[in-house]
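Structural characterization, general
The chain contents come next:
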Amino acid sequence: MAAFLLVLATLGQTTSPPIVVGSKAFTESIILAEVAVLLGEDAGLNMFHQSEIGGTQKVWSGLINGEVDVYPEYTGTIREQIFHGESLPDLEAVRKRLAQDGVLMSPDLGFKNNYVIGVSRAAAEKHQLKKISDLARVPELRFGFSNEFFEREDGWPSLKQAYGLPQKAASLDHALAYNSLKAGDLDVVDVYTTDPKISQYDIQMLIDDRGHFPVYEAVYLYRADLADRAPEMIAKLQELAGKIDASTMTEMNRSVEQLHLSERRAAADYLGQAFGLQIEVTEPSMAARLWRRTLEHMYLVVVSLGLAICVAIPLGVLAARNRVLGQVIVGSAEIIQTIPSLALLILITAVLVPLGIRSFGPTPTIVALVMYSLLPIIRNTMTALTSIPHAIRESGVVLGLSGPARMRLIELPLASPLILAGIKTTAVINVGYAALGGLIGAGGYGATIMSGLRLDSIPLMLEGAIPAAILALVVKFFFELLEYLLVPAGLRLRNAS
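Since the structure is predicted, the reported quantities are computational estimates derived from the model, not experimental observations. (Residues numbered from 1 in each chain as written. Predicted model: local features only at pLDDT ≥ 70, side-chain atom pairs only at ≥ 80, totals over all residues. Heavy atoms only, no water.)

1. Examining the domain arrangement of the chain
Taken as a whole, the chain is organised into domain 1 (18-110 + 215-275), domain 2 (115-205) and domain 3 (286-493). Computed over C-alpha atoms only, the centres of domain 1 and domain 2 are separated by 27 Å. Taken residue by residue, the interface counts 16 residues in domain 1 and eleven residues in domain 2. Across the domain 1 to domain 2 interface the summed buried area is about 1,100 Å²; carbon plus sulfur atoms make up 48%. On inspection of domain 1 and its partner domain 2, the count reaches one salt bridge. (Domains from an automatic or database assignment. Contact = heavy atoms within 4.5 Å. Buried area = accessible area lost by both parts, 1.4 Å probe. Salt bridge = Lys/Arg side-chain N within 4 Å of Asp/Glu carboxyl O.)

Below, the structure written as structure tokens:
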């Protein structure tokens, strides 16, 4: 295992660390990140796009911690969410506040992507809705907002208070909110002004008549030390000042979400039109995408399962040797198992940051999978060892075998069928839970599923879900074969009978 992990750790290393461009988990952020990546590559820099890291706080933390060098952001979000509660009256104040954290801000890119409250055309006509304040007189309207908007300081809580809205709102994924609006299950959603779905779903945008939402000018945030490490990158970002208007950004979003181009292709097409750059973008085939995601998913599963086995089996042995200690070990593993998977993932990322470990990517996903893997293996190991008849244990003592020898030659072989059953169960569960890595940029089938959800593409979601199901079956059959090879023949015959 040590050799395997060493090889994986050295794969893909380069002579100089890349400039990491981060992006949030929505189309526009990914496109703008690809624009920065392509400009950096055009300048001869080693670039890497850490895509779909998560929400604002996750990417911002990555920037502060040095895990990300640059990412696209919006001035309204900087004021209202990142520095909520601080008085930042203008952009100069924002720049000074960012500098205190070692972060600089590029000039605005030329467009604003403001939050807007949208309603279905049918609801707008039926209730004569033109302004956000009109919503207060129609309490039966059904509200549904994206997860981030539901929690933002400038989102639903403050909007509800500012306009005195009596309605309750559901929190759901943005793509699901649009689908629910189209199906007639929702009347009111949050939208962005550069979102092509506004015209696609015939959404009526309401006037923010009380000026609740700030202005969201698009910019890049980057670490101050990037000016010393890669001044060419800063120069490229400066060249983008005022070069992307709202209609251009909307069209780039549309090319990805409705014409099904990749974000990299959309970014390359824009740079070709705006700067005359000839950028060749090769779209990977489905087979290439599946192969890449399969390797990423297998990496998450194999490493986490291997580490879990190394931890859980010794803990299971200790639990079998000492009843009181066993209750503590099993109880602790059971508590971990009751924590919702997403909550556990977020807690782990928060713990890893002070330790200087990346808060997104494969590492936190592997740690979460290891923790979820402990209970089945510990419990099966403890049960298997405590179920061995006392007479058999005494025979080992009579033969003069030491404790470790009895464990190796008698007890573990007898316990092996049940231990392997726990490992097999854990492996199959890990294949499913590894999809959580898509939420924090860890890759695997989860990344494909999340992209399909973001782009409202059922084929893309199935491209991640179906291989995950097949992989789970392959893993199951693999461990059945392993059981046949490792479990002594006499025990297999006894289990079969």
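Still to come is the rest of the account.
2. Brief notes about the UniProt feature "transmembrane region" (unreviewed entry) in the chain
UniProt annotation of "transmembrane region" (unreviewed entry) refers to residues 298-320, 341-360, 433-453 and 460-479 when read in the numbering used here. Helix makes up 48% of residues 433-453 and strand makes up 0%, while its end C-alpha atoms are separated by 17 Å. When the span residues 460-479 is considered, its composition is 100% helix and 0% strand, and the gap between its end C-alpha atoms is 29 Å. (UniProt positions renumbered as here; feature names shortened; annotations may be inferred. Helix = DSSP H or I, 4+ residues; strand = E, 2+ residues; numbered from the N terminus.)

3. Side note on the packing of helix H19 (residues 390-398) against helix H20 (residues 403-433)
Where H19 meets H20, the axes come as close as 10 Å, and the angle between the chain directions of the two elements is 165°. It follows from the interaxial angle that H19 and H20 lie roughly antiparallel. Like other packed secondary-structure pairs, H19 and H20 cross with a definite hand, here right-handed. Across the interface between the two elements, Ile392, Arg393, Gly396 and Val397 of H19 pack against Arg406, Ile410, Glu411 and Leu414 of H20. (Axes fitted to C-alpha atoms, helices over the stretch in contact; angles between N-to-C directions. Parallel < 35°, antiparallel > 145°, perpendicular 65-115°, else oblique. Left-handed = near helix turned anticlockwise from the far one by under 90°.)

4. A look at the pattern of salt bridges
Applying the stated criterion across every chain yields a total of 22 salt bridges. Here Asp69 and Arg229 are joined by a salt bridge, their closest N and O atoms 2.5 Å apart. With Asp69 in the loop between helix H3 (56-64) and strand S3 (70-74) and Arg229 in helix H11 (residues 226-229), this pair connects stretches of sequence that are 160 residues apart. Taking relative accessible area as the criterion, Asp69 reaches 5% and is therefore assigned buried. With its nearest N and O atoms 3.9 Å apart, the salt bridge here joins Lys424 to Glu480. (Buried < 20%, exposed > 50% of the residue type's maximum accessible area, 1.4 Å probe, protein only.)

5. As for unusual backbone geometry
With the exception of glycine, most residues fall at negative phi, and the peptide bonds are largely trans. Non-glycine residue Glu52 carries a positive phi angle of around 50°. Topologically, Glu52 is positioned in the loop between strand S2 (47-50) and H3. Glu52 sits in the buried class, given a relative accessible area of 12%. Unlike most non-glycine residues, His260 shows phi in positive territory, near 65°. You can see His260 is positioned in the loop between helix H13 (246-257) and helix H14 (263-275). On the basis of relative accessible area, His260 is assigned to the exposed category, the value being 60%.

6. Details of helix H18 (residues 362-386)
Look at H18: 36 Å from first C-alpha to last across 25 residues, which is about the 36 Å you get at 1.5 Å a residue. In the structure, H18 departs most strongly from a straight axis at Leu374, where the bend amounts to approximately 30° and where the proline Pro376 lies between one and four residues downstream. (Expected span 1.5 Å × (residues − 1). Bend = angle between axes of the 7 residues up to and from the residue.)

7. Looking at the pairing of strand S8 (residues 188-192)
Along S8, five of the five residues are buried, which leaves the element largely enclosed by surrounding structure. The side-chain alternation of S8 yields two buried faces, one formed by Val188, Asp190 and Tyr192 and the other by Val189 and Val191. With five bridges connecting them, strand S5 (residues 115-120) and S8 associate as antiparallel partners. Of the residues in S8, the one forming a bridge with Gly118 is Val189. (Pairing = 2+ DSSP bridges.)

8. Quick notes on the packing of aromatic side chains
In this structure the tally under the stated criterion is 15 aromatic pairs. Taken together, a centroid distance of 5.3 Å and an interplanar angle of 45° make the contact between Tyr115 and Tyr192 tilted. Here Tyr115 is found in strand S5, whereas its partner Tyr192 is found in strand S8, with 77 residues between them in sequence. The buried category is assigned to Tyr192, whose relative accessible area is 17%. When the ring of Phe143 is compared with that of Phe145, the centres are 5.8 Å apart and the planes differ by 85°; the resulting orientation is edge-to-face. Given a relative accessible area of 0%, Phe145 falls into the buried group. Each residue in the set Phe26, Tyr115, Phe143, Phe145, Phe149, Trp156, Tyr192, Phe213 and Tyr216 is aromatic and connected to the rest through ring pairs, giving one cluster. (Phe/Tyr/Trp six-rings, centres within 6.5 Å; stacked < 30°, edge-to-face > 60°.)

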